[in-house]
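Here are the chains, one letter per residue:
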Amino acid sequence: MELEGFGWTLGFRFFHPLSAGWNTAMCADNKKRGNRSHVTSTIHSIFRWSHFYRLLTVGAVILFLPLIYVQYFENDPAVGVHHLGLVCCCMSVCCTGSPLATLRDVLRTKSTESMSFLLCFFNFVAALAWFVYGLLLKDSFIIIPNIIGGILGLTQVILFCIYPTSLVLQKPTDAVLTI
């Protein structure tokens, strides 16, 4: 696996998530390109990251930017909490509806093999439970996203009724682990 130049450069030190820890030498990318700034090198290495690390970075930004906004840039705590609640509502609906990302494949193949039934079913059950809890508290930040989440979860469960997963029994194969 090629990991050359991968890491967050901080001055002349960089941390490679898959290495033993902090290295004090200059990143190999910087040596190849001459006197480029470390920020430029870091931005370039982000585009060479695997899909997992890009998603991890986007997730960290989505998680921490609203928190930084509420903590340092919003003067009125009530307004900050309201804005944070709206962001959390949107993230909750996205999480509940995420199995629908394969909806095109489900409709094209007329099979729900690309979806996990347990995930869809428990998304629906959890949305209903949180909806009831929100009704008891009379909290719109709990009620509204879970109404939408319940509808999305019900849609996913209905897809399993309309397009059942085809059950094909496969013969187990012997997996060989090479080191």
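Our subject is the structure listed above.
What comes next concerns the included structure. Treat the numbers as computed from the prediction; the structure is a model and nothing was measured.

Mapped onto the secondary structure, Gln-156 falls in helix α7 (residues 140-162). With near-sequence residues (within four places) excluded, Gln-156 lies in contact with Thr-96, Gly-97, Pro-99, Leu-100, Met-115, Cys-120 and Asn-123.

Topologically, Asn-146 is positioned in helix α7. A polar side-chain atom of Asn-146 sits 2.6 Å from the main-chain carbonyl oxygen of Ile-142. Excluding residues within four positions of it along the chain, Asn-146 makes contact with Ala-127, Trp-130 and Phe-131.

Okay, unusual backbone geometry next. One non-glycine residue, Lys-110, adopts positive backbone phi at about 55°. Here Lys-110 is to be found in the loop between α5 (103-109) and α6 (117-137). The class of Lys-110 is exposed, set by a relative accessible area of 52%.

Overall, the coordinates contain four aromatic pairs when judged by the stated rule. Relative to Phe-121, the ring of Phe-117 has its centre 5.9 Å away and its plane inclined at 20°; by these criteria the two rings are stacked. Here Phe-117 and its partner Phe-121 are both found in helix α6, four residues apart, which amounts to about one turn of the helix. Aromatic side chains Phe-121 and Phe-122 sit 5.2 Å apart centroid to centroid with 75° between the ring planes, which places their arrangement in the edge-to-face category. Look at Phe-121 and you get partly exposed, because its relative accessible area is 31%.

Our next topic: α7. Along its 23 residues, α7 runs 33 Å from first to last C-alpha, staying within 8% of the 33 Å computed at 1.5 Å per residue. Three or more residues of α7 are buried, namely Ile-142, Ile-143, Pro-145, Asn-146, Gly-149, Gly-150, Gly-153, Gln-156, Val-157, Leu-159 and Phe-160. Looking at the buried residues of α7, the elements they touch are α4 (77-97), α5 and α6. Taking the backbone nitrogen of Phe-141 as reference, a side-chain oxygen 3.0 Å away marks Asp-139 as the first, capping residue of α7.

Following the criterion strictly, the structure yields one salt bridge and no others. In this structure, Arg-108 engages Asp-105 in a salt bridge whose closest nitrogen and oxygen atoms are separated by 2.8 Å. With a gap of three residues between them, Arg-108 and Asp-105 both fall in helix α5, about one helical turn apart. Its relative accessible area of 32% is what places Asp-105 among the partly exposed residues.

With that settled, the discussion passes to the packing of α4 against α7. For the pair α4 and α7, the least separation of the axes is 9 Å and the interaxial angle reads 10°. Looking at the two axes, α4 sits roughly parallel to α7. Contacts from His-82, Gly-85, Leu-86, Cys-89, Ser-92, Val-93, Thr-96 and Gly-97 of α4 reach α7 at Phe-141, Pro-145, Ile-148, Gly-149, Leu-152 and Gln-156. Partitioning the contact of α4 with α7 into residue classes produces seven nonpolar, seven polar and no charged.

Reading the values: rules and limits
- Think of each chain on its own: its residues are numbered from 1, step by step along the sequence as written.
- Local features are withheld for residues below a pLDDT of 70 in this predicted model, meaning they are given only at 70 or higher, and side-chain atom pairs are given and counted only at 80 or more; totals for whole chains, interfaces and linings count all residues.
- For side-chain calculations, the full set of non-hydrogen atoms in the structure is used, while hydrogens and water are omitted.
- In this description a helix means any DSSP run of H or I spanning at least four residues, a strand means any run of E spanning at least two, and both kinds are numbered starting from the N terminus.
- By definition, residues are in contact when any of their heavy atoms lie within 4.5 Å.
- Polar contacts here mean pairs of N or O atoms no more than 3.5 Å apart (in protein, one a potential hydrogen donor and the other a potential acceptor; neighbouring residues in sequence count only if both atoms are side-chain atoms).
- Exposure classes here rest on a 1.4 Å probe applied to the protein chains alone. A residue is buried below 20% of its type maximum, exposed above 50%, and partly exposed in between.
- Only rings of Phe, Tyr and Trp enter the pairing, Trp through its six-membered ring, and a pair is recorded when the two centres are within 6.5 Å. The plane angle decides the type: under 30 degrees is stacked, over 60 is edge-to-face, the rest tilted.
- A helix is expected to span 1.5 Å for every residue after the first.
- Throughout this description, the term salt bridge denotes a Lys or Arg side-chain nitrogen within 4 Å of a carboxyl oxygen of Asp or Glu.
- Simply put, an axis is a line fit to the C-alpha atoms, just over the touching stretch for a helix, and the angle between two N-to-C directions goes from 0 to 180 degrees.
- The scheme is simple: roughly parallel for angles under 35 degrees, roughly antiparallel for over 145, roughly perpendicular for 65 to 115, oblique for anything else.
- In this classification, the charged set is Asp, Glu, Lys and Arg, the nonpolar set is Ala, Val, Leu, Ile, Met, Phe, Trp, Tyr, Cys and Pro, and all remaining amino acids, among them Gly, are polar.

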